[in-house]
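Chain residues, written in single-letter form:
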Protein chains: 2
Amino acid sequence: MKRALVTGGAGFLGSHLCARLLAEGYEVVALDNLYTGSKDNLAAFAGNSAFSLVERDVCEAKTDDFGAFDEIYSLACPASPVHYQARPLFTALTSVKGILFCLELARRDGSKLIHASTSEIYGDPLVHPQPESYCGNVNTIGVRSCYDEGKRMAETLVADSIREYGVDVRMVRIFNTYGPRMHPQDGRVISNFAMQALTGRDITVFGDGSQTRSFQYCDDLIEFFRRYAAVGKSGIREFFAARKLGAPVLNAGNPAEFTILELAQKTLAAIPGSKSKIVMRPLPSDDPKKRKPDISLAKELLGWEPEVALDEGLAKTIDYFKTRI
Amino acid sequence: MKRALVTGGAGFLGSHLCARLLAEGYEVVALDNLYTGSKDNLAAFAGNSAFSLVERDVCEAKTDDFGAFDEIYSLACPASPVHYQARPLFTALTSVKGILFCLELARRDGSKLIHASTSEIYGDPLVHPQPESYCGNVNTIGVRSCYDEGKRMAETLVADSIREYGVDVRMVRIFNTYGPRMHPQDGRVISNFAMQALTGRDITVFGDGSQTRSFQYCDDLIEFFRRYAAVGKSGIREFFAARKLGAPVLNAGNPAEFTILELAQKTLAAIPGSKSKIVMRPLPSDDPKKRKPDISLAKELLGWEPEVALDEGLAKTIDYFKTRI
């Protein structure tokens, strides 16, 4: 029986990944401090002896307390501005210490490590769409930097660990992802709009709503993770070396672009009878104007592309949020 | 008697700063692991009871072992590619742990903290000259990223510590700085050229030599540090808030630009009788093509600008290197 560790396993994406790994017959250990994750997300695994939760902060975790895993998924970190800006230093250090823990474990046991990086490392990009070679446009001292720079630093630690110790790590830069089990108060646009529309409050659009976003449904990302993990170490090495990237890193996102205003309109359309109106508010500082993944490398290496359209994913997500009111 | 701590105090810049602080009547503690620093740099303070060296890695330092300081200067980190690429993970973590140590100490005692950041946070810049608001162009996974991203992360930790705890920190983005007590084997262009010319070896210019650099003499930077430290906390806060920068940060460098080829020629001219010839070699990966500071903010806040011309500084530096052969 293969064993997998998922740090942040009680979170939105972590819990979907745990479900998939369990369905594939893995023994799964989730490590989570439950800061943004929740036991509710794990309810479906109750009584499943192949699953266990270690309730601990990844910054405090000791490798000696864990046996060997075949695969390690590093997902632990608050990921929404409302959560990470409440505890910026904690967030920055979670990125750094979290990946150091996973790297040490992977190095010790020769495990495959799949690290969740983020499109936020591109900041407010000046190049569209963003290929993996784009260096980004992040303000080091802005209010989003605890997340963005923490994640940039984690990529650096990964790249140097590969060069220094040959650890088998694959990084994923995850673009906006949504779906059931998103935190209803995570302050991100999909959950904001859905919760506002479901409770009849005004839908708040920041700026004029013309900024675009791409929205990836969670199942597409989980499929991405599994295909990425399935590639052999030498295949990974050759693919990225040939493309002159310093380390294995792929964008994972849905390139279909929607304006924030379109999203607000789709959300309202998906909730017939909602009494909400759309209102405009000033744009917060450091908010990226636009971001869209170039996923050609992922298509080439993994034969992957997103399959769930926004209308379909939005309907499933709104169904979930209805259970959270 | 005022007390100052200088992490990296046995290094090139640290030792000049210690000398200046001692001359101003401070009691000075230097904290250094002597990885790139050297006791030779501290020879002038031998027997000075106002000076002491704590030989320890800043990553292992405990705040409980130190009394209160009026001023803390955070300079500890390998800063030349030849040193930091030999130990990339160590370098990245030195930046992060080093500033965390200083922040904790400064917060505990209400000290002023002056943090040495770097022009490397701009990477290979796409904007010239670089103002402090420029976000940079750094490859997160390249061979220089352990230094660049470590320093970016340190800036983030500073900015969030100011926002979260009100710590009094001033950051300096130091551009190329040179002078006596540079490490003769640090692989940087001034020391390379000087040592090559002094020993009659070929002067190696990478690329075609048309890439430009700005060179700041060490005394100019030390003057900068002292003026920056002299500004009151509220003056600092108001100045940077009015300029919409997320935290106090100033460029320190000499905007006078020279091509690498010009530097090679000036070095040869300063060493009459050198048998060296100039030869071209391929440009290493991630090497910035050009970098030049915009120092208008420093001029405005500190009334500071560099005073030592390249020819004068180069002569003093070459005199120093003559003693190191």
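Each remark here, short or long, concerns the structure printed above.
From a predicted model like this one, the values you see are computed outputs, not experimental measurements. (Residues numbered from 1 in each chain as written. Chains lettered and ligands numbered in written order. Predicted model: local features only at pLDDT ≥ 70, side-chain atom pairs only at ≥ 80, totals over all residues.)

Asks: Requested: an account of the overall build of chain A, with residues and values cited.
Replies: Broken down by element type, chain A carries 10 helices and 13 strands. Computed over its C-alpha atoms, the radius of gyration of chain A comes to 19 Å, within 12% of the 20 Å expected for a compact globule of 325 residues. The principal-axis extent of the C-alpha atoms belonging to chain A is close to 55 × 45 × 40 Å. Within chain A, buried positions represent 51% of all 325 residues. Sequence-distant contacts, at least 24 apart, represent 80% of the contacts inside chain A between residues at least 6 apart. (Helix = DSSP H or I, 4+ residues; strand = E, 2+ residues; numbered from the N terminus. Rg over C-alpha atoms; globule rule 2.2 N^0.38 Å. Buried ≥ 20, exposed ≤ 12 C-beta atoms within 10 Å, placed from the backbone. Contact = placed C-beta atoms within 7 Å.)

Asks: Tell me about the relation of the copies chain A and chain B, residues and numbers included.
Replies: Of the two same-sequence chains, chain A is brought onto chain B (RMSD 0.0 Å, axial shift 0.0 Å) by a rotation of 180°. Read as a symmetry element, the transformation amounts to a two-fold axis. (Least-squares fit on C-alpha atoms with pLDDT ≥ 70 in both.)

Asks: Just give me the short version of the interface of chain A and chain B, but keep the residues and values in it.
Replies: How big an interface is tends to be stated in terms of the accessible area lost upon association of its parts. Opposite the 30 residues of chain A that make contact, chain B presents 29 residues. Listed by contribution, the elements that provide at least two residues to the side of chain A that touches chain B are helix 3 (88-109) and helix 4 (145-165) of chain A. With 12 residues, helix 4 of chain A is the largest single contributor of residues to the side of chain A that touches chain B.

Asks: Now, about the nonpolar core: what can you tell me, with residues and values included?
Replies: Core analysis: the largest hydrophobic core is formed by 170 residues, its most contacted members being Val158(A) and Val158(B). Among all residues touching Val158(A), those that are not within four sequence positions of it are Ile99(A), Leu103(A), His115(A), Val169(A), Met171(A) and Ala247(A). By size, the runner-up hydrophobic cluster in this structure holds nine residues, among which are Ile121(A), Tyr134(A), Tyr122(B) and Cys135(B). (Core = buried A, V, L, I, M, F, W, Y, C linked by C-beta atoms within 7 Å.)

Asks: Tell me what's going on with the sheet that holds strand 3 (residues 51-55) of chain A, and back it up with residues and numbers.
Replies: Residue and element names in this part refer to chain A. Here seven strands make up an open sheet; going across it, the order is 3-2-1-4-5-6-11 and the pairing parallel. Each edge of the sheet is formed by a strand with only one pairing partner; in this case those strands are strand 3 and strand 11 (249-252). Across the sheet, the mean angle from the axis of one strand to that of its neighbour is 20°, orientation sign disregarded. Both strand 1 (residues 3-7) and strand 4 (residues 71-74) contribute to a ladder of four bridges, which runs parallel. Within strand 4, the residue paired with Thr7 across the bridge is Ser74. Along the sheet face, helix 1 (residues 12-23) touches strand 1, strand 2 (27-32), strand 3 and strand 4 and points at about 165° away from the line of strand 2. Packing against the sheet, helix 4 makes contact with strand 5 (112-118), strand 6 (168-174) and strand 11, and its axis sits at approximately 150° to strand 5. (Pairing = 2+ DSSP bridges. Axes fitted to C-alpha atoms, helices over the stretch in contact; angles between N-to-C directions.)

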